[in-house]
Amino acid sequence: MKTLILNCSPVRDGATAFICALAAEVMSERGEVRSVCINDYSFSFCRGCRSCHLTGKCVMSDGVDKLMAELDEADRILFVSPSYWADVPGQFKAFIDRCTPWSNTHEPHASLRGGKLSYSIVLRTGGGMKECERLISTIEHYCGHLEITPSGSLALCSVDGKAAAEARSEEIISFCRGML
Ligand SMILES: Cc1cc2nc3c(=O)[nH]c(=O)nc-3n(C[C@H](O)[C@H](O)[C@H](O)COP(=O)(O)O)c2cc1C
């Protein structure tokens, strides 16, 4: 079982990164874990040209191909995302837009290996759960169109920085153990 953990935050040493590292520790008890950060990849915005609707391919070739190769290698993917303005960070949203060649909304489309599962952990500074639900919905909507089965989520409100994430370690560990 290969797990990919994607830090959807551009911050490599913040609260999101802490959660990714803790999740990697727990999940490496059973199988191979690879952790990457959205900022490890350099790619352009989707141009909205819709060529991929006809060809199943993007007219651009860049870091998106590398990150998609990581997704393809994995049997399950854990997305860890902070809220930026009540949704996923722009860097991750830009990646989602560029995955349109893989979307099952048009034929032909590119496909990942079948049978993948996805999980999400979302975090925010504010206290309301509704905003977390919006992030989970963005991630699960994306997974649905790539035929990756959403299989669980954890929402962490009132997290502002690494120390606050550390204080939630038990919840995070228990969620990750549930994925084993
Ligand atoms: C640009 C930006 C926008 C943010 N927008 C929100 C928001 O809309 N709602 C919220 O609750 N927290 C918001 N936050 C706070 C982050 O979700 C929170 O601090 C999170 O722990 C950051 O994770 P990080 O340490 O990995 O960067 C925002 C933070 C940044 C940098």
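Residues numbered from 1 in each chain as written. Predicted model: local features only at pLDDT ≥ 70, side-chain atom pairs only at ≥ 80, totals over all residues. Heavy atoms only, no water.

*Asks:* Where do I start with helix 1 (residues 15-27) in this structure?
*Replies:* Residues lying three or four places apart along an α-helix face the same way, a consequence of the helix completing one turn every 3.6 residues. Helix length check: helix 1 (13 residues) gives 18 Å between terminal C-alpha atoms against 18 Å at 1.5 Å per residue, within 8%. Burial of helix 1 is extensive: 11 of the 13 residues sit out of reach of the surface. Taken residue by residue, helix 1 has Ala15, Thr16, Ala17, Phe18, Ile19, Cys20, Leu22, Ala23, Ala24, Val26 and Met27 as its buried positions. (Helix = DSSP H or I, 4+ residues; strand = E, 2+ residues; numbered from the N terminus. Expected span 1.5 Å × (residues − 1). Buried < 20%, exposed > 50% of the residue type's maximum accessible area, 1.4 Å probe, protein only.)

*Asks:* For this particular structure, what's the right way to read a nonpolar patch on the surface?
*Replies:* Side chains of Val11, Tyr84 and Trp85 sit close together on the surface and give an oily, nonpolar patch of about 390 Å² of accessible area. Looking at the element boundaries, Tyr84 is found in the loop between strand 3 (76-82) and helix 4 (90-98). Taking the relative accessible area as the measure of exposure, Tyr84 reaches 32% and is therefore partly exposed. (Patch = residues over 30% accessible without salt bridge, like charges linked within 9 Å, V, L, I, M, F, W, Y side chains within 5 Å. Areas by Shrake-Rupley, 256 points an atom, 1.4 Å probe, with all protein chains shown as cover. Salt bridge = Lys/Arg side-chain N within 4 Å of Asp/Glu carboxyl O.)

*Asks:* I keep staring at the packing of aromatic side chains and nothing clicks. Help me out?
*Replies:* How two aromatic rings sit relative to each other is given by the distance of their centres and the angle of their planes. The full count for this structure, using the stated rule, is seven aromatic pairs. Ring centres of Phe92 and Phe95 lie 6.4 Å apart, and the angle between their planes is 20°; on these two criteria the pair is classed as stacked. Of the two residues, Phe92 and Phe95 are both situated in helix 4; the distance of three residues between them amounts to about one turn of the helix. Here the two residues Phe92 and Phe95 agree in accessibility, since each one is buried. A ring pair is formed by Tyr119 and Phe175, whose centres lie 6.5 Å apart and whose planes are at 75°; its orientation type is edge-to-face. Placement of the pair is Tyr119 in strand 4 (residues 117-123) and Phe175 in helix 7 (residues 169-178), with a sequence separation of 56 residues. For Phe175, a relative accessible area of 16% puts it in the buried group. In textbook terms, an aromatic cluster arises when at least three aromatic residues are bridged by ring pairs, as seen for Phe43, Phe79, Phe92, Phe95 and Tyr142. (Phe/Tyr/Trp six-rings, centres within 6.5 Å; stacked < 30°, edge-to-face > 60°.)

*Asks:* How should the sheet that holds strand 3 be read in this particular structure?
*Replies:* Sheet strands pair by backbone hydrogen bonding; their relative direction is either parallel or antiparallel. Read across the open sheet, the five strands follow the order 2-1-3-4-5; overall the sheet is parallel. Each edge of the open sheet carries a strand with a single partner, namely strand 2 (32-37) and strand 5 (149-156). Here the average twist between neighbouring strands, direction ignored, is 15°. Pairing between strand 4 and strand 5: six bridges, direction parallel. Looking at the pairing, Leu117 lines up with Thr149 of strand 5. (Pairing = 2+ DSSP bridges. Axes fitted to C-alpha atoms, helices over the stretch in contact; angles between N-to-C directions.)

*Asks:* When you look at the site of the ligand in this model, what are you seeing that I'm missing?
*Replies:* With respect to spatial proximity, 18 residues lie near the ligand, and among them Ala15, Thr16, Ser83, Arg124 and Glu131 are the closest. Thr16 places a side-chain nitrogen or oxygen 2.6 Å from an oxygen atom of the ligand. Here an oxygen atom of the ligand sits 2.7 Å away from a polar atom, N or O, in the main chain of Ser83. Summarising the interface, the protein chains cover 72% of the accessible area of the ligand, which totals 640 Å² for the free molecule. Class assignment of the residues belonging to the shell around the ligand gives a composition of eight nonpolar, seven polar and three charged. (Near = heavy atom within 4 Å. Polar contact = N/O pair within 3.5 Å; in protein donor to acceptor, adjacent residues only side chain to side chain. Nonpolar A, V, L, I, M, F, W, Y, C, P; charged D, E, K, R; others polar.)

*Asks:* What is the right way to look at the pattern of salt bridges in this model?
*Replies:* Opposite charge on two side chains lets them pair, provided their charged atoms get close. Under the counting rule described, the total for this entry stands at 10 salt bridges. For Asp75, the salt bridge identified is with Arg113, shortest N-O distance 3.7 Å. Remark: Arg113 occurs in the loop between helix 4 and strand 4 and Asp75 occurs in the loop between helix 3 (63-73) and strand 3; sequence separation between them is 38 residues. The exposure class of Asp75 is partly exposed, given its relative accessible area of 25%. When its relative accessible area of 42% is taken as the criterion, Arg113 is described as partly exposed.

*Asks:* Would you take a moment to explain the pairing of strand 2 for this structure?
*Replies:* Consecutive side chains of a regular strand alternate in pointing toward one face of the sheet and then the other. Across six bridges, the pairing between strand 1 (residues 2-7) and strand 2 is parallel. For Lys2, the partnering residue across the bridge sits in strand 2 and is Glu32. Crossover handedness for the path strand 1 to helix 1 to strand 2: right-handed. (Right-handed = clockwise from strand over helix to strand, strands pointing away.)

Scope: geometric values only; no functional claims are made or implied.
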